[in-house]
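Summary of structural features
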Amino acid sequence: MNQQPPRSFPLWGSLAIPAGVLWGTLLGVVAGMVFGNALIGGLIGAALGLGIGLTLFAAAIVIISAKI
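Attention in this report is confined to the structure presented alongside it.

Procedures and definitions
- Residues numbered from 1 in each chain as written.
- Predicted model: local features only at pLDDT ≥ 70, side-chain atom pairs only at ≥ 80, totals over all residues.
- Heavy atoms only, no water.
- Axes fitted to C-alpha atoms, helices over the stretch in contact; angles between N-to-C directions.
- Helix = DSSP H or I, 4+ residues; strand = E, 2+ residues; numbered from the N terminus.
- Parallel < 35°, antiparallel > 145°, perpendicular 65-115°, else oblique.
- Left-handed = near helix turned anticlockwise from the far one by under 90°.
- Nonpolar A, V, L, I, M, F, W, Y, C, P; charged D, E, K, R; others polar.
- Contact = heavy atoms within 4.5 Å.
- Expected span 1.5 Å × (residues − 1).
- Bend = angle between axes of the 7 residues up to and from the residue.
- Buried < 20%, exposed > 50% of the residue type's maximum accessible area, 1.4 Å probe, protein only.

All right, on to the packing of helix H1 (residues 11–35) against helix H2 (residues 38–67) then. Two elements in contact, H1 and H2, have axes separated by 6 Å at closest approach and are oriented at 160 degrees. When the axis of H1 is compared with that of H2, the two are roughly antiparallel. Crossing of H1 against H2: the hand is right-handed. Among the residues forming the contact of H1 with H2, the class breakdown is 15 nonpolar, 11 polar and no charged.

This is the structure we're talking about:
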């Protein structure tokens, strides 16, 4: 019998949401400082980073589902 090892979830999919939120917040704060309000920039950046992270997480789910 040829048993294949179980496929693991991609690392980039696991890190997508926290990395998206952190990078989005950081870039949002920097942009907010440039345009005058770091708090609003950070909040908007975190929301955009979360959206991008969720998109990458969903892509990782699709990829691992196709391999099963």
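This part takes up the environment of Thr 25. When you line up the elements, Thr 25 lands in helix H1. When the C-alpha atoms of Thr 25 and Leu 48 are compared, they prove to be 8.6 Å apart, with 23 residues separating the residues in sequence. When neighbours within four sequence positions are excluded, Thr 25 is seen to be in contact with Gly 42, Gly 45 and Ala 46.

Along its 25 residues, H1 runs 35 Å from first to last C-alpha, staying within 8% of the 36 Å computed at 1.5 Å per residue. Remark: the principal bend of H1, roughly 40 degrees, maps to Ile 17, with a proline, Pro 18, within the next four residues. Of the positions making up H1, those classed as buried are Gly 13, Ala 16, Gly 20, Gly 24, Gly 28 and Gly 32. Looking at the buried residues of H1, the elements they touch are H2. Directly beyond the C-terminal end of H1, a positive phi value near 115 degrees is found at Gly 36.

The next subject is the environment of Leu 11. With respect to the helices and strands, Leu 11 occurs in helix H1. Distance from Leu 11 to Ala 60, taken between C-alpha atoms, is 9.0 Å for residues 49 residues apart in sequence.

With that settled, the discussion passes to the environment of Val 29. By secondary structure assignment, the location of Val 29 is in helix H1. The sequence separation of Val 29 and Ala 46 amounts to 17 residues, and the corresponding C-alpha distance is 9.2 Å. Beyond its immediate stretch of four places on either side in the chain, Val 29 contacts Ala 38, Gly 41 and Gly 42.

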